[in-house]
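# Topology and contacts: notes
The residues making up each chain are set out below.
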Amino acid sequence: MSANIQINVHHVTRLEGHGNIVVNIRNGTIEKCQWQVPEAPRFFEAMVRGRRWDDIQTIVSRICGICSITHSLASTKAVEDALGLQVTEQTDMLRILMHYSEQLQSHTLHVGYLVAPDLFGEKSVVPLVAKAPDAVKKIIKAHRIANQWSDLLAGRTTHPVTLTPGGMTKIPTAQELKDLQKTLKEIVPDLVAICEVVHSVADRMPAFERPTEYISLRQDNPPTYTFYHGGIVSSDGYGPVHIRDWESVANEYVSPQSTAKWCRWHRDSYAVGALARFNNNGHLLSPLGKKVADMFGLKKGCCNPFMNNVAQLAEAAHVVEVSIELIDKLLTKGLKDEKVKVTPRAGRGSGCVEAPRGILFHTYEFNKKGECIAANICIPTNQNHANIQKDFEKFVPEYMHLGEDGLRHGMEMLVRSYDPCISCSTHMLNVTFVK
Amino acid sequence: MSKPRVAIFDFACCEGCQLQIVNLEEEILDLIHVVDVVEWREAMSEQSHDYDIAIVEGSITRHEDELRLEVIRSRCKILIALGACATIGGVNKMKNNFDLNDVKECVYGKDAKMPHLNTDMTKAVDEVVPVDAYIHGCPIDRKEFGTVIRALLLGKRPPVPDYPVCVECKAKENVCRYEYNEICLGPIIRAGCGARCPSSNFRCFGCRGYVDHPNVEAAKEVMDKYGLTVEDLKQKMILFGSKQGHTL
């Protein structure tokens, strides 16, 4: 069977952004197997030229609505690096707390709303409301709490308005932090219940493996399961590379299949995201994060891309648990209203943080008036595009026996497992089968 | 009576406004009781050519996207522009301040001439097809989304404020951002956001677009009072106000 298969998925669904899958199999021979990115490019690096240092975050936050906090933090850190600004420990802790809210929001959205329908054999989360009402309600609740958490720290859920180079424009009150902490403690059992429901259908995830280089941040001092500080490392043993040298890691190039640039380091491609962070730092997860990983048998060195979704669940549990501790630290130290004073200067700086879907790099250069003269941004999904293509090249021959529908579904699930954010990388996803 | 059929489409944008629909959280369960969502690529696999209301997010930046939008318009009775990219072009219009070849070369270097990387001048949705209702903001306010949808389902004109952000900001008793030597666009920008940014001690950067008749003279007076120039104000208007129509 399956001597001839033609798949042409134009704009893959349940995906942030636009991507296409094209497969042609004739007489059992694979003639074409492509991951294409047709998203409309938006040219942020060109548009920020001439804008002032204090407008950069407001502009580049709009690269992505789902990881706007991450883009805002990376750009703010880059501007601070360029202008030689140091932030206080309090600012650092509040920003990390803000960043964790986005990890929970994005991971809940991705696993709960976009991936779970595949595992339950449905086309969207809507039929799941009838099929698994308790689980859906818990997912919605976790998502709502993550958004309220972002609201408190970032001023709103999407596109923060509390960050400014050098500090914060507004900080929460001690009472607000106490209330948040109480809420976070209350959702721990819900998160465990969500993990158990996903675990009950986890055998629907293909046991597909392909040896892969995984890239993420790593923080050694103190050793932390980091999303925010540290240097760039590879699961192949390279690094840490200083974040100012990220261009030597990403090695971006233009592919004719894509409006988003592609990346490679030591192999033909590399992967970023929750699984990359887990593979490089998994031993540093919180106890609950480790418990979730164990529940699914996820171990360091895993090279099954579908397990990225499991790593996301482990991280969701982790960020809640470590945030409860972080709030204790903030409350013990006492919150202070800190004033920020900035004098623009010429300079170049970089910022790097982990988006929910992988490592993100921003670099800006300013003239002495503090106007941006050059920018370079490299988004996690760009870094995964080449890896998705390489996965396809191994996945299609291994799973073509499933026939057209089965293969198409498997490829869509594979793309989704990366949690691509194509508006970030530009926007993409389509699948085409040719008969 | 059958439920109205709703389809959600996205063009060049960050998809953060669609996310605000998801962010209705539990309320979204109420919403799907009163409308049938028949296409929403980001959230579901189903697709349809048969819908009454089209919600369009994003700016139009390529010829092929104009054609796609025209098809959507021809299929729907009501078209809603969702969020700043759709209503006013949003930050994507900053691109129009540059030569397009320069913009492409800046991002793609020697590969800029590859045909799939082409881009045209950024347009808001109503620069391509007629729009029936606007939900402003970057991102949209999810409460306002509910208000506009409810009004349309009842056959009423959605209530959209035509007074500046300063009105809502004063009601919140915020200290004016100009007192902190910041340039805030509150005096000329359409309210409806609850002055969310100034309430976080962050200047208004204009994501909801200008009020219908901005009081330009008053804005100039504010600049004079604080020793600032109209040029300073224009620099801040570039973010969301590039090639938007009103200029000082």
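Residue positions are given per chain, counting from 1 as you read along its sequence in written order. By the order in which they are written, chains take letters starting at A while ligands take numbers starting at 1. Whole-chain, interface and lining totals are the exception, using all residues; otherwise, since this is a predicted model, local features are given only for residues with pLDDT of at least 70 and side-chain atom pairs are given and counted only at 80 or more.

## Points about the sheet that holds strand 4 (residues 78-82) of chain B
All names here are of chain B. Two strands pair under a simple rule: DSSP has to find at least two bridges between them. Helix and strand definitions here come from DSSP, where helices need a minimum of 4 consecutive H or I residues and strands a minimum of 2 consecutive E residues; each element is numbered from the N-terminal end. Taken together, the 5 strands give an open sheet; going across it, the order is 2-1-3-4-5, and neighbouring strands pair in parallel fashion. Each having just a single partner strand, strand 2 (36-40) and strand 5 (133-135) make up the two edges of the open sheet. When strand polarity is set aside, the average angle formed by the axes of neighbouring strands in this sheet is 20 degrees. With 5 bridges joining them, strand 3 (residues 53-57) and strand 4 adopt parallel strand pairing. Within strand 4, the residue paired with Ala-54 across the bridge is Leu-79. Contact between residues is assigned whenever the C-beta positions, reconstructed from backbone atoms, fall within 7 Å. For every element, the axis is a line fit to its C-alpha atoms; helices are fit only across the contacting stretch, and the angle between N-to-C directions ranges from 0 to 180 degrees. Strand contacts of helix 6 (residues 142-153): strand 4 and strand 5, with the helix running at about 165 degrees to strand 5, the strand carrying the most contacts.

## Points about the confidence of the model for chain A
Across chain A, the average pLDDT comes to 92, with 96% of residues at or above 70. Across residues 425-435 of chain A, where pLDDT falls below 50, the model places 77 contacts with residues more than four positions away in sequence or in other chains. A score from 0 to 100, pLDDT tells how confident the predictor is in each residue.

## Here's the deal with the interface of chain A and chain B
On the side of chain B, 47 residues touch chain A, which itself brings 45 residues to the contact. Elements represented by at least two residues in the side of chain A that touches chain B include exactly helix 1 (44-47), helix 2 (56-60), helix 4 (89-119), helix 5 (126-131) and helix 6 (133-154) of chain A. Looking at the side of chain A that touches chain B element by element, the count peaks at 4 residues for helix 6 of chain A. Gly counts as polar in this scheme, as do all residues outside two lists: the nonpolar Ala, Val, Leu, Ile, Met, Phe, Trp, Tyr, Cys and Pro, and the charged Asp, Glu, Lys and Arg. Of the residues contributing to the side of chain A that touches chain B, the split by class is 19 nonpolar, 16 polar and 10 charged.

## Digging into the nonpolar core
By convention in this section, buried Ala, Val, Leu, Ile, Met, Phe, Trp, Tyr and Cys residues joined through C-beta atoms within 7 Å make up a nonpolar core. Any residue surrounded by 20 or more other C-beta atoms within 10 Å of its C-beta is treated as buried, while 12 or fewer makes it exposed and the intermediate range makes it partly exposed; C-beta atoms here are placed from the backbone. If you look at the biggest cluster of nonpolar residues, it comprises 180 residues, and the most contacted ones within it are Ala-314 of chain A together with Ala-54 and Val-56 of chain B. What fixes the domain bounds is an automatic or database domain assignment. The residues that make up this core include at least three from each of domain 1 (5-153) and domain 2 (165-241) of chain B. Excluding anything up to four places from it in sequence, Ala-54 of chain B contacts Ala-7, Phe-9, Ile-72, Cys-76 and Leu-79 of chain B. In terms of nonpolar packing, the next biggest core, distinct from the first, is built from 21 residues, Val-23, Ile-25, Met-411 and Tyr-418 of chain A among them.

## Focus: helix 6 of chain B
Residues and elements named next belong to chain B. Residue count minus one, scaled by 1.5 Å, sets the expected span of a helix. Over its 12 residues, helix 6 runs 17 Å from end to end, which matches the ideal 16 Å to within 8%, given 1.5 Å per residue. Those residues of helix 6 lying buried are Arg-142, Glu-144, Phe-145, Val-148 and Ile-149. The arc enclosing the buried residues of helix 6, seen along the axis, measures out at 150 degrees, which places them on a common side. Gly-155 lies just past helix 6 and shows a positive phi near 75 degrees. Along the arc lie the directions from the helix axis toward the C-beta atoms.

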